[in-house]
Amino acid sequence: MNKLPLAKRVQILSMLCEGSSMRSISRVADVSINTVSKLLVDAGRACAVFHDEQVRGVKARRVQVDEIWSFTYAKQKNVATAKAAPEEAGDTWTWTAIDAESKLIVSWLVGGRDSEYAMAFMDDLAGRLANRVQLTSDGHKAYLEAVEGAFGGDVDYAMLVKLYGTAPESARGRYSPAECIGARKERIEGSPDPKHVSTSYAERQNLTMRMQMRRFTRLTNGFSKKFENHMHMVAIYTVWYNFVKLHRAHKVTPAMAAGVSDRLMSMEDMAVMIDEAAPKPGKRGPYKQRA
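Residues numbered from 1 in each chain as written. Predicted model: local features only at pLDDT ≥ 70, side-chain atom pairs only at ≥ 80, totals over all residues. Heavy atoms only, no water.

Enquirer: Explain empty space enclosed by the protein here, please?
Expert: Space left empty within the atom packing is revealed by a probe, the size of a water molecule, rolled over the atoms. Taken as a whole, this structure holds one cavity of 30 Å³ or more when the rule is applied. Taken as a whole, the largest cavity encloses approximately 70 Å³ of empty space. As for the largest cavity, its lining consists of 12 residues, and the residues nearest its centre are Trp69, Phe71, Phe216, Thr217 and Arg218. The element best represented in the lining of the largest cavity is strand S1 (residues 62–72), accounting for three residues. In the lining of the largest cavity, the residues fall into six nonpolar, three polar and three charged. (1 Å grid on protein atoms, 1.4 Å probe; cavity = no way out; pocket = protein on both sides within 12 Å on 5 of 7 lines; lining within 4 Å. Points joined across faces, edges and corners; volume = space filled by probe spheres on them. Helix = DSSP H or I, 4+ residues; strand = E, 2+ residues; numbered from the N terminus. Nonpolar A, V, L, I, M, F, W, Y, C, P; charged D, E, K, R; others polar.)

In structure tokens:
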């Protein structure tokens, strides 16, 4: 079985995490697009398992959650007229929860923006925390029932509801929303500290996602064509962000700052981890001659 050299796999993984599209990686690395796709799938599966096993018992004090928009195959308004659009085509939301101190991505989920996904996201977040936290979200109503179901009364929860003015006529059709003219802090559960009711770190992490993953870039042809590949790329990015990328303020990775890991991972470590997670080829069966 042919296998890419370690240096080539590291190059492809690094380019994926630096915002390159799959076609450009294929050209620069001089490999087929199928090779890039297969490595994306293998790496995504391995990274999802790695995150699920390693990011447990997180001792955080303040957690911020947010959702970031993207789309799969076609924008929602174009799905009805799109040719052979898959069931998952349209709006794709990525939910993230970040520790405000260590900047660790504690939990993530890709899917819709309804209450069902909100509950699944909060259940996963609650299962990864080791203690009571102060939780801040935006004003998305789906969080209310989800937080109550996942944490009960064992959380200090507040919403930061942003207030927007009327969008000017000249801004119609643009991506930017109307001007934010203020924000209202609403206590929902427990005793959250008003000074730390914020989603700034979660929103800044959203910008990092857009910069590091081509699929999230606005006005691009590098958007996800398959929902599964979108999830695989988020899984790879999360491990890279938590365990490989040095945080500028901490001088260590978010995983090290949060006490989840005691060493700095490299892209070579990621490539080896993917190899170890791959199923081992079995023994070849008996050869049968054609009649």
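Having seen the structure, we can now continue with the description.
Enquirer: Sorry, what's going on with helix H1 (residues 6–16) here?
Expert: In an α-helix, one full turn covers 3.6 residues, which means residues spaced three or four apart are oriented alike. Within the sequence span of H1, burial applies to Arg9, Val10, Ile12, Leu13, Met15 and Leu16. Packed against the buried residues of H1 are helix H2 (22–29), helix H3 (33–54), helix H6 (200–212), helix H7 (227–244) and helix H9 (267–277). (Buried < 20%, exposed > 50% of the residue type's maximum accessible area, 1.4 Å probe, protein only. Contact = heavy atoms within 4.5 Å.)

Enquirer: For this particular structure, what's the right way to read the pattern of salt bridges?
Expert: Pairs can form between side chains of opposite charge whenever their charged atoms are close. For the coordinates displayed, the defined rule picks out 13 salt bridges. Note that glutamate 101 and arginine 61 form a salt bridge whose closest N and O atoms lie 2.3 Å from each other. Within this pair, whereas glutamate 101 is found in the loop between strand S2 (90–99) and strand S3 (105–111), its partner arginine 61 is found in the loop between H3 and S1, the two being separated by 40 residues in sequence. On the basis of relative accessible area, glutamate 101 is assigned to the partly exposed category, the value being 28%. In this structure, the salt-bridge partner of arginine 263 is aspartate 269, at a minimum N-O distance of 3.3 Å. A relative accessible area of 44% means that arginine 263 is categorised as partly exposed. (Salt bridge = Lys/Arg side-chain N within 4 Å of Asp/Glu carboxyl O.)

Enquirer: So what exactly am I meant to see when it comes to unusual backbone geometry here?
Expert: Apart from glycine, the bulk of residues carry a negative phi angle, and the bulk of peptide bonds sit in the trans form. Within the chain, tyrosine 73 stands out as a residue other than glycine whose phi angle is a positive 70 degrees. By secondary structure assignment, the location of tyrosine 73 is in the loop between S1 and S2. Taking the relative accessible area as the measure of exposure, tyrosine 73 reaches 28% and is therefore partly exposed.

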